[in-house]
Amino acid sequence: MTTSTRGAGKVPAVLVLEDGRIFRGRAYGAVGVTFGEAVFSTGMTGYQETLTDPSYHRQVVVMTAPHVGNTGVNDEDPESKRIWVAGYVVRDPARTPSNWRSRRSLDDELRAQGVVGISGVDTRALTRHLRERGAMRVGIFSGNALPDEGTMLTEVRQAPEMEGADLSAEVATKEAYVVPAIGEKKFTVAAVDLGIKGMTPHRMAERGIEVHVLPATATVDDVYAVNPDGVFFSNGPGDPATADHAVSVMQGVLERKTPLFGICFGNQILGRALGFGTYKLKYGHRGINQPVQDRTTGKVEVTAHNHGFAVDAPLDQASETPYGRAEVSHVCLNDNVVEGLRLLDRPAFSVQYHPEAAAGPHDAAYLFDRFVSLMEGQRA
């Protein structure tokens, strides 16, 4: 990625997809060149949480909502210390942000962090194209001396693909740290950071859990060095087929029958640990309005998603695994994609979505309570 932080103004910009489709617009954020996987997010709000979610590392996010940036940028809502998206695509950016918590405009924040974006694009047409053709590599080029279309397309096709990408260690913490329990400490949890969002350990802390956040490179010995009552595996970017280390660590946790909870990438890791395969979705699920059914209760939840890969497990029956019987606990009502797993003979479960509710919705908050119940049951 090459960038300039000078004002974009009406600087021309071009978005080039690897299949040759081209969209023209204006520079938004930093001026320069960037590459990534083109994906779309259907959330109408929560753009600040999206931008700072480490799971979006090396992805160029297309916002389907036409107006973006209306509430500006504040210092309370980031989910990590930086913006992780490789690029940003919007239709109509806000001219002036309006919110009592706003400290600066989204355009200014993108520029300050060197994130190349493009505005004035027909994002509806672009989203329909990605739905029909699938997520693909993309480049955003901006500046007054743009390359010719053939050169830009060649550069896009030379960019790395998401399939086969091992990215967790690039976004995870390098050093372990502790998020203290809020109020009385009831449990200790070892959280393996594969790209964790800041709100996730906070949700556990709200329930009296002291969370030890460990690097993605943590070993089984590192996990048990904190004497955990439970182990958590976080969300994160990349292809789960490359995550052999995380799978091995999770299998070590399953062997010890410690209560285990995984979300997003952690769900895919559990799938692999149990012997299931994973596969790349055509265009994935991203946004805060995805319908999922909890098959253990029959309840339908509106949930927050960010995943381009899924677990390949049977929906119609329990499966025998090296750790006992396992079943699909949650399913997406749009396309029947596996959205959760649970073991029937050991205290372990996972979901493919984000129950930390940043930026919402709150339907899945009960999953943290379910994790607490597992640890209470194990202690009893």
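Predicted model only: the values in this text are computed from it and were never measured. Residue positions are counted from 1 within each chain, in the order its sequence is given. Totals for whole chains, interfaces and linings use every residue, but because this is a predicted model, local features are given only for residues with pLDDT of at least 70 and side-chain atom pairs only at 80 or more, for both listing and counting. Values shown for side chains rest on all heavy atoms present in the structure; no hydrogens or waters enter the calculation.

> Would you mind showing me how to read unusual backbone geometry here?
Leave glycine aside and you will find that most residues have negative phi; peptide bonds, for their part, are mostly trans. Note that the residue after alanine 358, namely alanine 359, is joined by a cis bond; omega there is 20°. Only DSSP runs of H or I covering at least 4 residues are called helices, and only runs of E covering at least 2 are called strands; the numbering of each starts at the N terminus. Within the fold, alanine 359 resides in the loop between β21 (348-351) and α10 (366-379). Following glycine 360, the chain continues to proline 361 via a peptide bond in cis, the omega torsion being -5°. Along the chain, proline 361 turns up in the loop between β21 and α10. Positive phi is not limited to glycine here, since lysine 257 has a value of about 60°. Along the chain, the position of lysine 257 falls in the loop between α8 (244-256) and β15 (260-263). Even without glycine at this site, cysteine 264 takes up a positive phi of about 60°. Relative to the helices and strands, cysteine 264 resides in the loop between β15 and α9 (265-273).

> Sorry if this is basic, but what is going on with the packing of aromatic side chains here?
Two numbers describe a pair of aromatic rings. These are the distance of the centres and the angle of the planes. Ring pairs shown here join Phe, Tyr and Trp side chains whose ring centres sit within 6.5 Å, with only the six-membered ring taken for Trp; geometry is labelled stacked below 30 degrees between planes, edge-to-face above 60, and tilted in between. Applying the stated criterion across every chain yields a total of six aromatic pairs. Judged by centre distance (4.5 Å) and plane angle (15°), the rings of phenylalanine 261 and phenylalanine 349 are stacked. In this pair, phenylalanine 261 is assigned in strand β15 and phenylalanine 349 in strand β21, connecting sequence segments 88 residues apart. Relative to phenylalanine 368, the ring of phenylalanine 261 lies with its centre 5.8 Å away and its plane at 80°, an arrangement referred to as edge-to-face. With phenylalanine 261 in strand β15 and phenylalanine 368 in helix α10, this residue pair connects regions lying 107 residues apart in the sequence. Judged on exposure class, the residue phenylalanine 261 and its partner phenylalanine 368 are both buried. Among the aromatic residues, those joined into a ring-pair cluster are Phe232, Phe261, Phe349, Phe368 and Phe371. Here, over-ring charges are defined by two tests on the NZ atom of lysine or the CZ atom of arginine: distance to the ring centre within 6 Å, and angle to the ring normal within 35 degrees. Sitting above the plane of the tyrosine 224 ring, arginine 256 keeps its charged end 5.0 Å from the centroid. The residue whose ring lies beneath lysine 280 is phenylalanine 309, and the NZ or CZ to ring-centre distance is 5.7 Å. When accessible area is computed with a 1.4 Å probe and restricted to protein chains, residues below 20% of their type maximum are described as buried, those above 50% as exposed, and intermediate ones as partly exposed.

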